[in-house]
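A look at the structure
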Amino acid sequence: MRIEGVHQAYRGGPPVLAGVDLALEPGAPVVLAGGNGSGKSTLLRIVAGCAAPSAGRVHGRPRVVGFLPDRFPAQLRMPADVYLRHLAAIRRVTAEPELLEAFGFSGPRAEPMARLSKGNAQKVGLAQALGGGPGLVVLDEPWAGLDVAAAAVLRDRLTALEVPLLVTDHTGRAARIPGARHLRLVDGRVVADAPPAPSAPAVGAVAVVLRGPARTLHGLGVPARVEADRAHLSVPAAEVDALLRGALDLGCSVVSVTPA
Amino acid sequence: MTTLTTAVAVARYLLSDAVRSQRVIIPVVLQVAVLAVLFGGDPGPLPAPWAASALALYPVATWLALTVANTEDPVQRSVTVAAAGGPGPVAIGTLLVALLGDVLLSVLSVAWPLVATPYSAPPGTVLAGVLTHLAAAITGTGVGLLCARPVIRRIGWSLLTALIVVIVTAVQPWLPPVGSAVAAITDGRGPGSLLVPVLAACAVAGAGTWVSALVSRRG
């Protein structure tokens, strides 16, 4: 799937997008960063097919698109399960209400969606976007309002996804999706972006340096700073053994283990 | 064909939320109240009284279409548009729900005096009555879609614009669809003279749907 030369301008304003080119491929999730009002949501809406760009084209958008907007509103009067069934029918796929359980949905199942808390509404939004085997997944700030358990489930789901994925994220959790390409919207254009630095070392953390093919290092599933064939990690002391065992099993070799 | 399947799924979704909300009930109750007043005493021989009920149905259908089109929050609407693969099926689904309301209210309005008053009408006159109401209701649907989101985003402006359009177009007896349809039923002309108003009404509703999809796409 390709996005070519996409421009978007609103009346009386400067262009929000000024020539965005982007390729989306299965297994290569794109994490999009950018300041407030930099046009991330606009680009996502165009990629998802909600809006047409002023100029440029989107090629090869699959039939079934899973889209989660920034702040999923859930002001409807139907219950969450009914909503998921209707959305699946509109996509002509089978509904997957069990996704709600997977995300730890704790809201009332038979009451209007308008009564849901922010976190539970977000889980309904995720369930509709990821259910029914979409051919493209576009998520705008999917971690907003999620509890820790649901955030981990979401990361695992996105890691296992075998279709193109475009996601924006302010929480830094998208950095843990292995193999992700990090891009940034600056002045209406997409530029390469360094992944967010791994979070500050926790108390009792251990600095680990591993050597191996870059692909394997990206696939470790823990935040790491990868340089050429080296990965620099900071892991809690309690998890060092498990991490080293896993890394050795994947064919990496250990360069150093030092107190952080 | 797939567009229509998707549009029907969208219509079922919107209908499901509409029946749960009290907002669509208000225009329906309004029409029922108008019918009760119009046909409660002695309205006189048919079809002339149908002119008044058809004229009342015009703003009611406009309000109904406005309500159905504004069911979803704009962000919620963007999710539905992405799911439907574009704004086209969503606009058509909205139209289908509004048309369902048009048909039900038209049938109710025509049947009421036949059941509740001693006057009767031959089949040809009944058909003319149905076509008059459909012309008014479907025009109202078109006007409602043109005044609702995403074309007019603020509900205050939506209601004001719709009100002005309805008042201006309803009272011109030469102007199809509503003015000429009401004039035809008042004069007791046959169903044939209502063909043009009904077709014009469908054109207005089609234009409303098309403009709605187009504006939604501009997003």
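Residues numbered from 1 in each chain as written. Chains lettered and ligands numbered in written order. Predicted model: local features only at pLDDT ≥ 70, side-chain atom pairs only at ≥ 80, totals over all residues. Heavy atoms only, no water.

Turning to the overall build of chain B, a few remarks are in order. Per the secondary structure count, chain B includes nine helices and zero strands. Reading the helices (α) and strands (β) of chain B from amino to carboxyl end gives α-α-α-α-α-α-α-α-α. Relative to a compact globule of 219 residues, whose C-alpha radius of gyration would be 17 Å, chain B shows 17 Å and is just as compact. With the C-alpha coordinates of chain B rotated into their principal frame, the extents come out at 50 × 35 × 35 Å. By residue count, 51% of the 219 residues in chain B fall in the buried class. When the accessible surface of chain B is split by element, carbon and sulfur atoms take 75% of a total near 9,200 Å². (Helix = DSSP H or I, 4+ residues; strand = E, 2+ residues; numbered from the N terminus. Rg over C-alpha atoms; globule rule 2.2 N^0.38 Å. Buried < 20%, exposed > 50% of the residue type's maximum accessible area, 1.4 Å probe, protein only. Areas by Shrake-Rupley, 256 points an atom, 1.4 Å probe, with all protein chains shown as cover.)

A few words now on the environment of Gly35 of chain A. Residue and element names in this part refer to chain A. Its location among the elements puts Gly35 in the loop between strand E3 (30-33) and helix H1 (40-48). Classification of Gly35 as partly exposed rests on a relative accessible area of 39%. Expressed as a C-alpha distance, the spacing of Gly35 and Val186, which sit 151 residues apart in the sequence, is 8.2 Å.

It is worth spelling out the packing of helix H6 (residues 123-147) of chain B against helix H8 (residues 178-186) of chain B at this point. Residue and element names in this part refer to chain B. In the contact formed by H6 and H8, the axes pass within 9 Å of each other and the chain directions differ by 160 degrees. Relative to H8, the element H6 is oriented roughly antiparallel. Our pair here, H6 against H8, has a crossing hand that is left-handed. Counting all contacts with H6, which are made through Ala128, Gly129, Thr132, Ala135, Ala136 and Thr139, the residues of H8 involved are Val178, Ala181, Val182 and Ile185. Tallied by class, residues from the contact of H6 with H8 come to seven nonpolar, three polar and no charged. (Axes fitted to C-alpha atoms, helices over the stretch in contact; angles between N-to-C directions. Parallel < 35°, antiparallel > 145°, perpendicular 65-115°, else oblique. Left-handed = near helix turned anticlockwise from the far one by under 90°. Contact = heavy atoms within 4.5 Å. Nonpolar A, V, L, I, M, F, W, Y, C, P; charged D, E, K, R; others polar.)

Take the pairing of strand E11 (residues 224-227) of chain A next. Residues and elements named next belong to chain A. Pairing of E11 with strand E12 (residues 230-236), which is carried by four bridges, proceeds in the antiparallel orientation. What sits directly across from Arg225, in E12, is His232. Connecting the antiparallel pair E11 and E12 is a turn made up of two residues, with Ala228 showing a positive phi of about 50 degrees. (Pairing = 2+ DSSP bridges.)

A few words now on the environment of Thr161 of chain B. Residue and element names in this part refer to chain B. Locating Thr161 in the fold gives a position in helix H7 (residues 155-170). On a C-alpha basis, the gap between Thr161 and Gly144 in space is 9.5 Å, while along the polypeptide they are 17 residues apart. Setting aside chain neighbours within four positions, we find Thr161 in contact with Cys147 and Ile152.

Here we take up the pattern of salt bridges. Residues and elements named next belong to chain A. Going through the model one piece at a time under the given rule, you end up with eleven salt bridges over all chains. Between Arg155 and Asp156 there is a salt bridge; the shortest N-O distance is 3.6 Å. Measuring nitrogen to oxygen at the nearest pair gives 3.3 Å for the salt bridge that ties Arg184 to Asp193. Note on Arg184: relative accessible area 32%, which makes it partly exposed. (Salt bridge = Lys/Arg side-chain N within 4 Å of Asp/Glu carboxyl O.)

Under the definition given, this model contains two aromatic pairs over all chains. A network of ring pairs unites the aromatic residues Phe72 and Tyr83 of chain A together with Tyr13 of chain B as a single cluster. (Phe/Tyr/Trp six-rings, centres within 6.5 Å; stacked < 30°, edge-to-face > 60°.)

Let us look at unusual backbone geometry. The omega torsion of the bond from Arg149 of chain B to Pro150 of chain B falls at 0 degrees, within 30 degrees of zero and hence cis. Relative to the assigned elements, Pro150 of chain B resides in the loop between H6 and H7. For the bond running from Pro176 of chain B to Pro177 of chain B, omega is 5 degrees, close enough to zero to count as cis. With respect to the helices and strands, Pro177 of chain B occurs in the loop between H7 and H8. Look at Arg71 of chain A: it is not a glycine, yet its phi comes out positive at around 55 degrees. Following the sequence through the fold, Arg71 of chain A ends up in the loop between strand E5 (65-68) and helix H2 (80-91). The exposure class assigned to Arg71 of chain A is exposed, which follows from its relative accessible area of 64%. Residue Ala74 of chain A is not a glycine yet carries a positive backbone phi of 50 degrees. Relative to the elements of secondary structure, Ala74 of chain A occurs in the loop between E5 and H2. Among the residues examined, Ala74 of chain A registers a relative accessible area of 5% and is labelled buried.

Turning our attention to the side chain of Ser109 of chain B. Residue and element names in this part refer to chain B. Residue placement: Ser109 occurs in helix H5 (residues 87-116). Residue class for Ser109 comes out buried when judged on its relative accessible area of 0%. Here Ser109 is in contact with Gln31, Leu35, Phe39, Trp50, Ser53 and His133, once residues within four sequence places are set aside.

Moving on, we get to the pairing of strand E6 (residues 136-140) of chain A. Residues and elements named next belong to chain A. Most of E6 is tucked away, with five of its five residues classed as buried. Inspection of the sheet shows E6 paired to strand E7 (residues 165-168) by four bridges, in the parallel sense. Following the sheet pairing, Leu139 is matched in E7 by Val167.

Turning to the nonpolar core, a few remarks are in order. Nonpolar side chains tend to gather and get buried jointly when the protein is soluble and globular. Counting 82 residues, the largest nonpolar core has Tyr83, Met113, Val124 and Trp143 of chain A as the members making the most contacts within it. Contact partners of Tyr83 of chain A, with chain neighbours within four places excluded, come to Phe72, Leu76, Met78, Met113, Val124 and Gln128 of chain A together with Tyr13, Gln76 and Val79 of chain B. Core analysis: the second largest hydrophobic core is formed by 35 residues, Ala69, Ile152, Val178 and Leu194 of chain B among them. (Core = buried A, V, L, I, M, F, W, Y, C linked by side-chain atoms within 4.5 Å.)

As a general rule, the predicted coordinates of low-pLDDT regions are not to be interpreted in detail. Residues of chain B with pLDDT of at least 70 account for 100%, and the chain-wide mean is 94. If you check the scores for this complex, the pTM reads 0.83 and the ipTM reads 0.90. (pLDDT = per-residue confidence, 0-100.)

To continue, consider the side chain of Asp102 of chain B. Residues and elements named next belong to chain B. Its place among the elements puts Asp102 in helix H5. One buried charge, Asp102, has no salt-bridge partner; the nearest side chain with opposite charge is Arg77, at 16 Å. With sequence-adjacent residues up to four places away left out, Asp102 is seen in contact with Ala61, Leu134, Ala137, Ile138 and Thr141. (Lys, Arg positive; Asp, Glu negative; His and termini not counted.)

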